[in-house]
Amino acid sequence: MERLGMGDESGSAVEDVHVEASLKTEYGLGGAQSAPVRRICVLGVPLDLGASRRGVDMGPSAVRVAGLEARLETLGHQVTDGGNVGVEIAETRRVGNVKARFLEEIAETCTRTAEAVLGSLTDGMTPLVLGGDHSMAAGTVSGVAEFYRRRGERVGLIWMDAHSDINTPETSPSGNVHGMPLAALLGLGSGSGLELLSGIFGYSPKIAAENTVLLGVRDIDAAERENLKRAGVGAVYTMREIDERGMRAVMTEAVRIAGAGTAGYHLSLDMDWIDPEDAPGVGTPVRGGATYREAHLAMEIAADDGRMVSLEIVEVNPVIDEHNRTADLAVELACSAFGKKIL
């Protein structure tokens, strides 16, 4: 896509100003841009095989309809929409192993996602990946990790979620793979079939536990607590810690830990991280999440830090949303992560 105001040379500068002004009016745009201009590649992963509740396959479309591309372009970024990664339809496939439902199909989608993400980074672009259920993160992070591995570097991970998503097929109470991607990325679940996810590009783990941060978790299974210990993930900030210490202190530590000795970090944002009062359109809502302003502050701190190499936003479910509120918030948060300021 062309940047706003960079059209045909025969067009007038006045017309460009009117275009930008109309977009600001239509989408409620405003504020200042502080982060460096980026070339952003938007990728959709309409995956809903990893969850019990249907509808998140429409999430990428809902976020696009909320004005994602236009809002990012008004910040000065160059945005290209790379379309959607191919996903199988549940009704045309067998569930397979009930302890990891549709695992083979999810692994196929994650492999395609990893290749698309790797391609966008190779082309010098910043991936912004839209979900879809959170199982897709096994593909997104694999693509980012592979790009930097080829350069002799590694990446960190900031996982913003109400849940820890570190179950394996042996420990999952539901068999829903959207509760397993972090386990796959950390190399857990050997011998359970989870190697289909963890082994993308032929190696595991994709990320180091010391550079992995969980932020805002508040619904963790007993078995997941043990898996967190087994994996050695030390940076787990629950909502209680955010309540007691404040988002600024916690997020500042998070970017430091995820960025220590790495080329940067991937930020994986599950919209159920935010309180359902502000983000009602999610499949597994949990009360007591981040507030509207806490969520924006976290994204603004990541933008100020400048080491975010990729972003994904998942679990937007327009079927149960209210007037696309959750998708609209997802776009707002993406803008904050890419440098939008109040002043």
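Thresholds, definitions, all that
- Residues numbered from 1 in each chain as written.
- Predicted model: local features only at pLDDT ≥ 70, side-chain atom pairs only at ≥ 80, totals over all residues.
- Heavy atoms only, no water.
- Phe/Tyr/Trp six-rings, centres within 6.5 Å; stacked < 30°, edge-to-face > 60°.
- Buried < 20%, exposed > 50% of the residue type's maximum accessible area, 1.4 Å probe, protein only.
- Lys NZ or Arg CZ within 6 Å of the ring centre and 35° of its normal.
- Helix = DSSP H or I, 4+ residues; strand = E, 2+ residues; numbered from the N terminus.
- Arc of directions from axis to C-beta.
- Contact = heavy atoms within 4.5 Å.
- Pairing = 2+ DSSP bridges.
- Axes fitted to C-alpha atoms, helices over the stretch in contact; angles between N-to-C directions.
- Left-handed = near helix turned anticlockwise from the far one by under 90°.
- Nonpolar A, V, L, I, M, F, W, Y, C, P; charged D, E, K, R; others polar.
- Expected span 1.5 Å × (residues − 1).

S.K.: Provide a residue-level description of the packing of aromatic side chains, including the pertinent values.
M.R.: For the structure on display, the rule yields one aromatic pair. When the ring of Phe 147 is compared with that of Tyr 148, the centres are 4.9 Å apart and the planes differ by 90°; the resulting orientation is edge-to-face. On the basis of relative accessibility, which here comes to 10%, the residue Tyr 148 falls in the buried class. Lys 206 extends its terminal NZ or CZ atom over the ring of Tyr 203, reaching a point 4.6 Å from the ring centre.

S.K.: How would you summarise helix H8 (residues 222-231) if you had to cite specific residues and measurements?
M.R.: The complete set of buried residues in H8 reads Glu 224, Asn 227, Leu 228 and Ala 231. The arc enclosing the buried residues of H8, seen along the axis, measures out at 105°, which places them on a common side. Opposite the packed face of H8, turned more than 90 degrees from it, sit the exposed residues Ala 222, Lys 229 and Arg 230. The elements touched by buried residues of H8 are strand S6 (212-217) and strand S7 (235-238). The positive-phi residue at the C-terminal boundary of H8 is Gly 232, with phi of around 85°.

S.K.: How would you sum up the sheet that holds strand S5 (residues 156-160)? Please name residues and give values.
M.R.: Strand order in this open sheet of eight strands is S3-S2-S4-S9-S8-S5-S6-S7, and the pairing throughout is parallel. Among the strands making up the open sheet, the edge pair consists of strand S3 (78-84) and S7. Sheet twist, expressed as the mean angle between neighbouring strand axes with direction ignored, is 15°. Examined bridge by bridge, strand S2 (residues 39-45) and strand S4 (residues 126-131) share six bridges and lie parallel to one another. Counterpart to Val 45 in the pairing with S4 is Gly 131. Most of the contacts of helix H11 (residues 292-305) go to strand S8 (residues 265-270), to which it runs at about 165°, and overall it touches S5 and S8.

S.K.: Break down the packing of helix H10 (residues 247-259) against H11 for me, citing the residues and quoting the values.
M.R.: To describe two helices that pack against each other, one gives the angle between their axes and the distance between the axes. At a closest axis distance of 10 Å, the pairing of H10 and H11 adopts a crossing angle of 35°. Crossing geometry of H10 relative to H11 is assigned as right-handed. On H11, the residues touching Met 247, Arg 248, Met 251, Thr 252 and Val 255 of H10 are Glu 294, Leu 297, Ala 298, Ile 301, Ala 302 and Asp 305. Across the contact of H10 with H11, the residue classes tally to seven nonpolar, one polar and three charged.

S.K.: Just give me the short version of the environment of Ala 107, but keep the residues and values in it.
M.R.: For Ala 107, the location among the structural elements is in helix H4 (residues 103-122). Separated by 91 residues in the primary sequence, Ala 107 and Ser 198 have C-alpha atoms spaced 9.1 Å apart. If we ignore the near neighbours within four places in the chain, the residues touching Ala 107 are Leu 196 and Leu 197.

S.K.: Kindly report on H4, identifying the contributing residues and their values.
M.R.: If you check H4, its first and last C-alpha atoms are 28 Å apart, about what 20 residues at 1.5 Å a residue would give, namely 28 Å. When we look at burial in H4, the residues that qualify are Leu 103, Glu 105, Ile 106, Ala 107, Thr 109, Cys 110, Thr 113, Ala 114, Val 117, Leu 118, Ser 120 and Leu 121. Looking at the packing, one finds that the buried side of H4 touches S2, S4, helix H5 (137-149), helix H7 (195-198) and strand S9 (308-314). Once H4 finishes, Gly 124 follows within two positions and takes phi at roughly 80°, a positive value.

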